[in-house]
Amino acid sequence: TVTGIDASAEDFIAATLLNGWQNWAGGFSGAGYYKDSDGRVHLRGLVKNGASVVFNLPAGYRPAAQELFTVHSSSSTASGVGRLDVAANGDVTYTNGSNYFVQLSGVSFRAAN
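To start, this report covers the structure provided alongside it. As the structure is a prediction and not an experimental result, all values here were calculated from the model. (Residues numbered from 1 in each chain as written. Predicted model: local features only at pLDDT ≥ 70, side-chain atom pairs only at ≥ 80, totals over all residues. Heavy atoms only, no water.)

Brief notes about the nonpolar core
Here's step 1: In this structure, Y33, L43, F55, L57, L84 and L104 are the most contacted members of the largest nonpolar core, which totals 22 residues.
Here's step 2: When contributions to this core are tallied by element, the ones reaching two or more residues are β4 (40-44), β6 (52-56), β7 (67-74), β8 (79-86) and β9 (91-95).
Here's step 3: Ignoring sequence-local partners within four residues, the contact set of Y33 consists of D11, F12, I13, A14, A15, V41, H42, L43, F55, L57, P58 and Y61. (Core = buried A, V, L, I, M, F, W, Y, C linked by side-chain atoms within 4.5 Å. Buried < 20%, exposed > 50% of the residue type's maximum accessible area, 1.4 Å probe, protein only. Helix = DSSP H or I, 4+ residues; strand = E, 2+ residues; numbered from the N terminus. Contact = heavy atoms within 4.5 Å.)

Quick word on the packing of aromatic side chains
Here's step 1: For the structure shown, the criterion picks out seven aromatic pairs.
Here's step 2: Both rings, one in Y33 and one in Y61, keep their centres 5.3 Å apart while their planes meet at 70 degrees; by these two values the pair is edge-to-face. Within this pair, whereas Y33 is found in strand β3 (residues 32-35), its partner Y61 is found in the loop between β6 and β7, the two being separated by 28 residues in sequence. Y61 matches Y33 in its accessibility class, with the two residues each being buried.
Here's step 3: Between F69 and F109, the aromatic rings sit 6.4 Å apart at their centres with planes inclined by 45 degrees, giving tilted as the arrangement. Taken together, the positions of F69 in strand β7 and F109 in strand β11 (residues 108-110) put the pair 40 residues apart, joining distant regions of the chain. Exposure class is identical for F69 and F109. Each is buried.
Here's step 4: Seen from the ring of F12, R44 lies directly overhead, with NZ or CZ sitting 3.9 Å from the centre.
Here's step 5: A cation over an aromatic ring shows up here: K48 above the ring of W24, its NZ or CZ 5.4 Å from the ring centre. (Phe/Tyr/Trp six-rings, centres within 6.5 Å; stacked < 30°, edge-to-face > 60°. Lys NZ or Arg CZ within 6 Å of the ring centre and 35° of its normal.)

Everything listed here is a matter of geometry and, on its own, says nothing about what the molecule does.
Dropping the structure here:
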């Protein structure tokens, strides 16, 4: 086994994008999520061009309370940061940054019991 890899983790589940969000093409991972054996939910993907709620996580993949993350985003000319919130109702919402592209990879949180 490779150190740091959770062999018992489930595969990524493709997210159903909402509000005009699209997966960025060009070989980048599409929006998705999975839960590891420790109960942490991990997001991945590069999305673009939407507004507000990116997708909704199903029950069992939601935090107990709202979580806030700083994520990498970009306009067509400059890199920046944006705010990604994951709510207890499962809404993954992007605010406060350019939506030319938004990186979801690296976001993780403990799922509610």
